[in-house]
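Secondary and tertiary structure notes
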Amino acid sequence: MVLIRTLAILALFALIAVGFSPNAEAHKNHQQEKVEENETAAAPAPGMTPGAMHERMEEHMEDMEEARPQTFSARLMSWVGRTHPFAVHFPIALFPVSLIALILARRRGEAVELIRALIIVAGGAAVIAGALGWLTGGFVLVDRDAIQLWHRWIGTGLAVTGGALALWAWRRRDAVNSTGMVVALSLVTLALLVQGWLGAALVHGMDHMNF
């Protein structure tokens, strides 16, 4: 229950931070600045000759190449980390499905063995997705970007909680059909909604859900 309470607190603070933090607009501006810097670096200056334009493009490509990891192990970790957006789809889908299936099964008094398997797979996938998130986001405890910071630590909380729920379901079959599991899956599903919004905000900006 301590893990469940911790996750609920993290989700609440995330909603508060997203809604009221002055860093929200700063995040959007920071994204726009990075785009403008890249466009400025690659764009030719007025009156630039074709030869100078070609030279500038080569310098820009060299800078991009230098920014890439140089060793094989670093490139491998970077490549594996970039599978994070793919991996997160599994816990995002499986935890809500487990919750709905469990609610229906409890109402009808049906066996929950299949749901138990779903919870175990979802928890394992959450741990893997969390580890990949650390690979792609870097091993730092505090991010300059507030959205990135919340995304990192809510994701870490989801990985820990998901792993704990998977272990609970694995070791105690009767726990799957308990009220505690329903509550835990409900909180995880809520946190996943917040986490998904934060992840999309990192890629598409704070206004990605504007109507």
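Residues numbered from 1 in each chain as written. Predicted model: local features only at pLDDT ≥ 70, side-chain atom pairs only at ≥ 80, totals over all residues. Heavy atoms only, no water.

What follows concerns the pattern of salt bridges. Scanning the entire structure with this criterion turns up 4 salt bridges. One salt bridge connects Asp143 with Arg152, and the closest N-O pair in it is separated by 2.7 Å. Across the pair, exposure class does not vary: Asp143 and Arg152 are buried alike. Each of Glu113, Arg116 and Arg173 takes part in salt bridges that share partners, so that together they form one network. (Salt bridge = Lys/Arg side-chain N within 4 Å of Asp/Glu carboxyl O. Buried < 20%, exposed > 50% of the residue type's maximum accessible area, 1.4 Å probe, protein only.)

Here we take up the nonpolar core. Phe95, Leu102, Ile119, Leu165 and Leu185 are the most contacted members of the largest nonpolar core, which totals 28 residues. Taken together, the elements giving at least two residues each to this core come down to helix H6 (89-108), helix H7 (113-137), helix H8 (146-171) and helix H9 (179-204). When residues of this core are assigned to their parent elements, the largest contribution, 11 residues, is made by H9. Excluding residues within four positions of it along the chain, Ile119 makes contact with Ser98, Leu165, Ala166, Ala169, Val176, Met181 and Leu185. (Core = buried A, V, L, I, M, F, W, Y, C linked by side-chain atoms within 4.5 Å. Helix = DSSP H or I, 4+ residues; strand = E, 2+ residues; numbered from the N terminus. Contact = heavy atoms within 4.5 Å.)

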